[in-house]
Amino acid sequence: MKRPIKGLELEEFSEAMQSLGQPAYRAKQVFKWLYEKRKDRFEEMTDLPEALRKVLDEEFFITRHEAVKTTGSKDTTQKFLFELQDGQSIESVLIPASPALYGEPADRRTLCVSTQVGCAYGCKFCASGLDGWKRNLDAGEIVEQILAAERLSGEKINNLVFMGMGEPLANFDNVIKAIRIINAPWGIGIGARRITVSTSGLVPQIRMLADEPLQIRLAISLHGATDEVRNLIMPINKKYPVQELLDACEYFASRKKQKITFEYILISEINDGLDQAEALVRHARALHTKINLIPYNDVEGLQWKRPSITRQDAFLRVLEKQGIQATIRREKGHDIDAACGQLRLQNLKHKDLQST
Ligand code: SAH
Ligand code: SF4
């Protein structure tokens, strides 16, 4: 079976070339075509002997995502819906810097990538899991999201968040491999400190990630500060309750010597009470974490609502007053930008309508 070349590390590919009777330096040459010159056909790699190009074609394929739908514009958040080889679809979201709002560096261009088709974890606020879990992405399909987004937008991506569809730590091996390729100088070359993995709280995998020799960042989708509230929102909390999750975070922070971020969606009357804010302060203080508050985005088919601005502010004030580093995401166009998984969902519905 042909192997996806964008999912291979240089060393692996060199070995494969050697076992095909090729000198190892050829591997570097091919990767240069892929990652520097961005060519997606072996026949375009003109300094390779023709016979070799033929062999490559027989042994490998070059993953290429085409956008079936793009929303947004160059100056706003752009969403790409990609169709995969097997007809499944995923999305990636390109978010430009917003220095005026958050004091982010003006040159920051963040891509939010997906790691699975669908999601098995069924958090109650999230569109990604509504249609269940379909499959894992392979490393090449993860890497290609960046190359495709750069090709389509003309922008260079320099910041990466694993906050798209799927639970990255449930696809651990492929995600780690993709990160190595994205980080490597022979690959895409994005610094590890500019890569953030977000998880709903898979405790054993957080510990495994802590032991990986990669200085990537970690964000935790917390969304509830006590078991009572988090159980209402995220089924995974029954398996790994808040204290176990915090212990794993502590382990991660101590191994990596860096601050973790807690993501906290504010949902009206569910988790926006000030008692939750107080509990959150205690966790943040114990672990020296930053907190990102995210006003809930309406998802079709889900009942919950976003709290009023007054309630959002009251929650934020509790954190700030106690010296916790916290921001609230409140950009314009939030409703259109929405969260990952929503564009795909609309498209699936559209297809359903067409086929009935
Ligand atoms: N599975 C991983 C990665 C997906 S990121 C995880 O759960 O961390 C999921 C993030 O998308 C959430 O933490 C939240 O920041 C955002 N999100 C999903 N649904 C949302 C909604 N309805 N409103 C606002 N943010 C949402
Ligand atoms: Fe899956 Fe994350 Fe959405 Fe939960 S929030 S359903 S883990 S993608």
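Residues numbered from 1 in each chain as written. Chains lettered and ligands numbered in written order. Predicted model: local features only at pLDDT ≥ 70, side-chain atom pairs only at ≥ 80, totals over all residues. Heavy atoms only, no water.

Undergrad: How do you make sense of the overall build of the chain when you look at a structure like this?
TA: When helices and strands are tallied, the chain shows 14 helices and 14 strands. For 356 residues, the compact-globule formula gives about 21 Å, and the C-alpha radius of gyration of the chain, at 21 Å, lands near that figure. Counting the 356 residues in the chain, one finds 52% classified as buried. In the chain, of all internal contacts separated by at least 6 residues, the share reaching a separation of at least 24 is 66%. (Helix = DSSP H or I, 4+ residues; strand = E, 2+ residues; numbered from the N terminus. Rg over C-alpha atoms; globule rule 2.2 N^0.38 Å. Buried < 20%, exposed > 50% of the residue type's maximum accessible area, 1.4 Å probe, protein only. Contact = heavy atoms within 4.5 Å.)

Undergrad: Just to check I follow, could you spell out the site of ligand 1 for this structure?
TA: Not every one of the 20 residues close to ligand 1 is listed here, only the nearest: Phe125, Gly166, Ser198, Ser221 and Asn297. For ligand 1, a nitrogen atom lies 2.8 Å from a polar atom in the backbone of Phe125. Take Ser221: an N or O atom from its side chain is 2.6 Å from an oxygen atom of ligand 1. The protein chains hide 94% of the 550 Å² of surface that ligand 1 would expose on its own. Taken together, the residues of the shell around ligand 1 break down into 10 nonpolar, 8 polar and 2 charged. (Near = heavy atom within 4 Å. Polar contact = N/O pair within 3.5 Å; in protein donor to acceptor, adjacent residues only side chain to side chain. Areas by Shrake-Rupley, 256 points an atom, 1.4 Å probe, with all protein chains shown as cover. Nonpolar A, V, L, I, M, F, W, Y, C, P; charged D, E, K, R; others polar.)

Undergrad: What's the story with the site of ligand 2 in this structure? I'm lost.
TA: Surveying the vicinity of ligand 2 reveals the residues Cys119, Tyr121, Gly122, Cys123, Phe125, Cys126, Ser128, Gly166, Glu167 and Ser200. For the shell around ligand 2, the per-class residue count stands at 5 nonpolar, 4 polar and 1 charged.

Undergrad: Just checking my understanding: could you explain the sheet that holds strand S5 (residues 89-96) for this structure?
TA: Each strand in a sheet pairs with its neighbour through backbone hydrogen bonds, running either in the same direction (parallel) or in the opposite one (antiparallel). Taken in spatial order, the 10 strands of this open sheet run S3-S4-S5-S6-S9-S10-S11-S12-S13-S14, and their pairing is mixed. At either end of the open sheet lies a strand with only one pairing partner, and these are strand S3 (66-71) and strand S14 (326-328). Direction aside, the axes of adjacent strands within the sheet are offset by 20° on average. Taken together, the 6 bridges between strand S12 (residues 261-266) and strand S13 (residues 290-295) define a ladder with parallel strand orientation. Counterpart to Leu266 in the pairing with S13 is Pro295. Against the sheet, helix H11 (residues 274-287) engages S12 and S13, with an angle of about 170° to S12. (Pairing = 2+ DSSP bridges. Axes fitted to C-alpha atoms, helices over the stretch in contact; angles between N-to-C directions.)

Undergrad: I tried to follow the environment of Asp47 on my own but got confused; where do I start?
TA: Here Asp47 shows up in the loop between helix H2 (25-36) and helix H3 (50-59). Once the C-alpha coordinates of Asp47 and Gln303 are considered, the two residues, 256 residues apart in sequence, prove to be 58 Å apart. Setting aside residues no more than four positions away along its own chain, Asp47 makes contact with Arg26, Gln29 and Trp33. For Asp47, the side chain forms a polar contact with the side chain of Trp33, separated by 2.8 Å.

Undergrad: What am I meant to see in the pattern of salt bridges here?
TA: A pair can form between side chains of opposite charge whenever their charged atoms are brought close. Evaluated as defined, the whole model comprises 19 salt bridges. Note that Arg135 is salt-bridged to Glu141, the shortest N-O span being 3.0 Å. Each member of the pair, Arg135 as well as Glu141, carries the same accessibility label: buried. Within this structure, Lys6, Asp40, Arg64, Glu66, Glu144 and Arg151 form a network of salt bridges that share partners. (Salt bridge = Lys/Arg side-chain N within 4 Å of Asp/Glu carboxyl O.)

Undergrad: Hey, could you run me through the environment of Ile142 in this one?
TA: If you trace the backbone, Ile142 turns up in helix H5 (residues 139-153). The exposure class of Ile142 is buried, given its relative accessible area of 1%. Not counting residues within four places of it along the chain, the set of residues in contact with Ile142 comprises Ser114, Thr115, Leu137, Phe162, Asn171, Asn174, Val175 and Ala178.

Undergrad: What exactly am I supposed to notice about the packing of H5 against helix H6 (residues 172-183) here?
TA: A pair of packed helices is characterised by two quantities: the angle between their axes and the separation of those axes. Close contact between H5 and H6 brings their axes to 8 Å; oriented N to C, the two are set at 40°. Judged by the angle between their axes, H5 and H6 are oblique. In the crossing of H5 with H6, the sense of the turn from one axis to the other is right-handed. Across from Ala139, Ile142, Val143 and Ile146 in H5, the residues of H6 making contact are Asn174, Val175, Lys177, Ala178, Ile181 and Ile182. Considering only residue class, the contact of H5 with H6 consists of 8 nonpolar, 1 polar and 1 charged. (Parallel < 35°, antiparallel > 145°, perpendicular 65-115°, else oblique. Left-handed = near helix turned anticlockwise from the far one by under 90°.)

Undergrad: Where do I start with the confidence of the model for the chain in this structure?
TA: Low pLDDT means the predicted coordinates in that region are not meant to be read closely. Taken as a whole, the chain shows an average pLDDT of 91; of its residues, 90% reach a score of 70 or greater. Low pLDDT, under 50, characterises residues 332-338; the stretch is placed with 11 contacts to residues that sit more than four places away or in other chains. Segment residues 352-356 is flagged for pLDDT under 50; beyond a separation of four residues in sequence, or across chains, it makes 0 contacts in the model. (pLDDT = per-residue confidence, 0-100.)

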